[in-house]
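Next come the chains, spelled out residue by residue.
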Amino acid sequence: MAVLLAVFIPVLMLGVVLALGRYEELVLPGTAPPSDDGPDAAEAVAGPADQ
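Residues numbered from 1 in each chain as written. Predicted model: local features only at pLDDT ≥ 70, side-chain atom pairs only at ≥ 80, totals over all residues. Heavy atoms only, no water.

Let us now look at the overall build of the protein. When its secondary structure is counted, the protein shows two helices and zero strands. Summed over all atoms, the accessible surface of the protein reaches about 4900 Å², with 70% contributed by carbon and sulfur. (Helix = DSSP H or I, 4+ residues; strand = E, 2+ residues; numbered from the N terminus. Areas by Shrake-Rupley, 256 points an atom, 1.4 Å probe, with all protein chains shown as cover.)

Put into structure tokens, the structure is as follows:
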């Protein structure tokens, strides 16, 4: 009986983690990372003294 618990508990825990990952993908909307194409990006590359 103890061997069955030792085998099935990690498998069940893996299933729960995978199911929560799928649930998170369904519930939370995907957002794009912020782009660095704004005016502040040019200032960061050139520096404020070079303008």
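Past the structure itself, the notes keep going.
Here we take up helix α1 (residues 2–27). Spanning 26 residues, α1 covers 37 Å between terminal C-alpha atoms, matching the ideal 38 Å at 1.5 Å per step. Among the 26 residues of α1, zero are classified as buried, and the element is accordingly described as predominantly exposed. (Expected span 1.5 Å × (residues − 1). Buried < 20%, exposed > 50% of the residue type's maximum accessible area, 1.4 Å probe, protein only.)

Moving on to a nonpolar patch on the surface. A cluster of nonpolar side chains, namely Met 1, Val 3, Leu 4, Leu 5, Val 7, Phe 8, Ile 9, Leu 12 and Met 13, defines an oily patch on the protein surface of about 980 Å² accessible area. Position of Val 3 among the secondary structure elements: in helix α1. (Patch = residues over 30% accessible without salt bridge, like charges linked within 9 Å, V, L, I, M, F, W, Y side chains within 5 Å. Salt bridge = Lys/Arg side-chain N within 4 Å of Asp/Glu carboxyl O.)

Purely geometric stuff here, so don't read any function into it on its own.
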